[in-house]
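Residue strings, one per chain:
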Amino acid sequence: MSTPTGAATRPTTDRVRESLFSRLDHLGVLEDAVVIDLFAGSGALGLEALSRGAARAVLVEKASGAARVTRRNVAELGASAQVVVADAAAYLRRETDGPEYDLAFLDPPYDLGEQGLAEVLSHLAPRLHPDAVVVVERSSRSPEPSWPAALVGFASKTHGETALWYAEPAAPDHRAEAAAAAAGEGDPRAESETAQEA
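Every value quoted in this text rests on a predicted model; they were computed, and no experiment measured them.

**Q** Which parts of the structure should I look at to understand the pairing of strand E2 (residues 56-61)?
**A** The two faces of a sheet get side chains in turn, since along a regular strand they alternate between them. With respect to burial, E2 is a largely interior element, five of its six residues being buried. Pairing of strand E1 (residues 34-37) with E2 involves four bridges; the strand directions are parallel. Bridge pairing links aspartate 37 to leucine 59 in E2. A crossover links E1 with its parallel partner E2, the connecting element being helix H2 (residues 44-51), and its sense is right-handed. Between the parallel elements E2 and strand E3 (residues 81-85), the chain passes through helix H3 (residues 64-77) in a crossover that is right-handed.

**Q** Would you mind going over the packing of helix H1 (residues 14-27) against H2 with me for this structure?
**A** The description of two helices packed together rests on the angle between their axes and the distance between the axes. Running from N to C, H1 and H2 point in directions that differ by 45°, and their axes come no closer than 12 Å. Viewed along their axes, H1 and H2 adopt a mutual orientation that is oblique. The handedness of the crossing between H1 and H2 comes out as right-handed. Residues Arg17, Leu20 and Phe21 of H1 pack against Leu45, Glu48 and Ala49 of H2.

**Q** What should I look at first to understand the pattern of salt bridges in this one?
**A** Oppositely charged side chains are able to pair whenever their charged atoms sit close together. Counted according to the given criterion, the structure contains eight salt bridges. Residue aspartate 25 is joined to arginine 52 by a salt bridge in which the shortest nitrogen-to-oxygen separation is 2.7 Å. One end of the pair, aspartate 25, is in helix H1; the other, arginine 52, is in the loop between H2 and E2, with 27 residues separating them in the sequence. Given the relative accessible area of 33%, arginine 52 is considered partly exposed. Between glutamate 114 and arginine 138 there is a salt bridge, with its nearest N and O atoms 2.7 Å apart. Pair noted here: glutamate 114 is in helix H5 (residues 114-124) and arginine 138 is in strand E5 (residues 128-139), with a separation of 24 residues, a long-range link. Residue glutamate 114 is classed as partly exposed on the basis of its relative accessible area, which comes to 33%.

**Q** Sorry if this is basic, but what is going on with unusual backbone geometry here?
**A** Only a minority of non-glycine residues have a phi that is not negative, and only a minority of peptide bonds are not trans. The phi dihedral of aspartate 32 is positive, around 60°, even though this residue is not glycine. Within the secondary structure, aspartate 32 is located in the loop between H1 and E1. For aspartate 32, a relative accessible area of 54% puts it in the exposed group.

**Q** What's the story with the nonpolar core in this structure? I'm lost.
**A** Inside soluble globular proteins, nonpolar side chains tend to come together where they are buried. Membership of the largest hydrophobic core comes to 29 residues, with the highest contact counts inside it found for Ile36, Leu38, Tyr91, Leu106, Leu121, Leu124 and Val134. Going through the elements one at a time, E1, E2, helix H4 (88-94), strand E4 (101-106), H5, E5 and strand E7 (162-169) are the ones with two or more residues in this core. Filtering out sequence-adjacent residues up to four positions away, leucine 38 remains in contact with Val60, Ala88, Leu92, Phe105, Leu106, Val120 and Leu124. Within the second largest apolar cluster, 28 residues are counted, among which are Ala40, Leu59, Val135 and Phe154.

**Q** Please clarify how H1 should be interpreted in this entry.
**A** Because the α-helix completes a turn every 3.6 residues, residues three or four places apart line up on one side. Here H1 is 14 residues long and its end C-alpha atoms lie 20 Å apart, about the 20 Å a rise of 1.5 Å per residue gives. Every buried residue of H1 is accounted for by Val16, Arg17, Ser19, Leu20, Phe21, Arg23, Leu24 and Leu27. Just downstream of H1 lies glycine 28, where phi reads positive at about 70°.

**Q** Help me understand the environment of alanine 89 in this model?
**A** With respect to the helices and strands, alanine 89 occurs in helix H4. Taking the C-alpha atoms as reference points, alanine 89 and histidine 123, separated by 34 residues in sequence, lie 6.6 Å from one another. If near-sequence neighbours (up to four positions away) are discounted, alanine 89 is found in contact with Glu119, Val120 and His123.

Cut-offs used in this document
Residues numbered from 1 in each chain as written. Predicted model: local features only at pLDDT ≥ 70, side-chain atom pairs only at ≥ 80, totals over all residues. Heavy atoms only, no water. Buried < 20%, exposed > 50% of the residue type's maximum accessible area, 1.4 Å probe, protein only. Helix = DSSP H or I, 4+ residues; strand = E, 2+ residues; numbered from the N terminus. Pairing = 2+ DSSP bridges. Right-handed = clockwise from strand over helix to strand, strands pointing away. Axes fitted to C-alpha atoms, helices over the stretch in contact; angles between N-to-C directions. Parallel < 35°, antiparallel > 145°, perpendicular 65-115°, else oblique. Left-handed = near helix turned anticlockwise from the far one by under 90°. Contact = heavy atoms within 4.5 Å. Salt bridge = Lys/Arg side-chain N within 4 Å of Asp/Glu carboxyl O. Core = buried A, V, L, I, M, F, W, Y, C linked by side-chain atoms within 4.5 Å. Expected span 1.5 Å × (residues − 1).

Encoded structure:
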């Protein structure tokens, strides 16, 4: 798979991707999922989700050069994916009548600040299926994302310089709180841990 060059995108490492998809498999959110990757880069996360059973994916990438690489990867794999060249927040504001997403990936560039990420999450939340999972990948030196009221963080995992944060739509039964209470029973949504890379 081709990857974009330059500092605007940073590919997810194999170790982080393995951890991410192991959890998503465990959560059972991949089969027949509608996926959106809002900072797609090469499209690797969305394309791997498709290879693991997702039905279709929307790959949003603001940088035109990176989007060309993404389109090339989609064509080479014959994947059921739409590549959109757009700013993530602008795309979500514009496409209000699109599908509900079951899985959302956000791996924003380093220069996107906390307010910018919070804006994207606030526009994403209304577009999610009630059982959706949101994954934010960022530097382990960055704080937990500022989740909007419609999203509840339920897990995190750190691999060296990279942290993965997981959230789900808030629900009347407060599933995240229930999951936290059930952590001792092995609920996969109630885990927060740190794993240092070898």
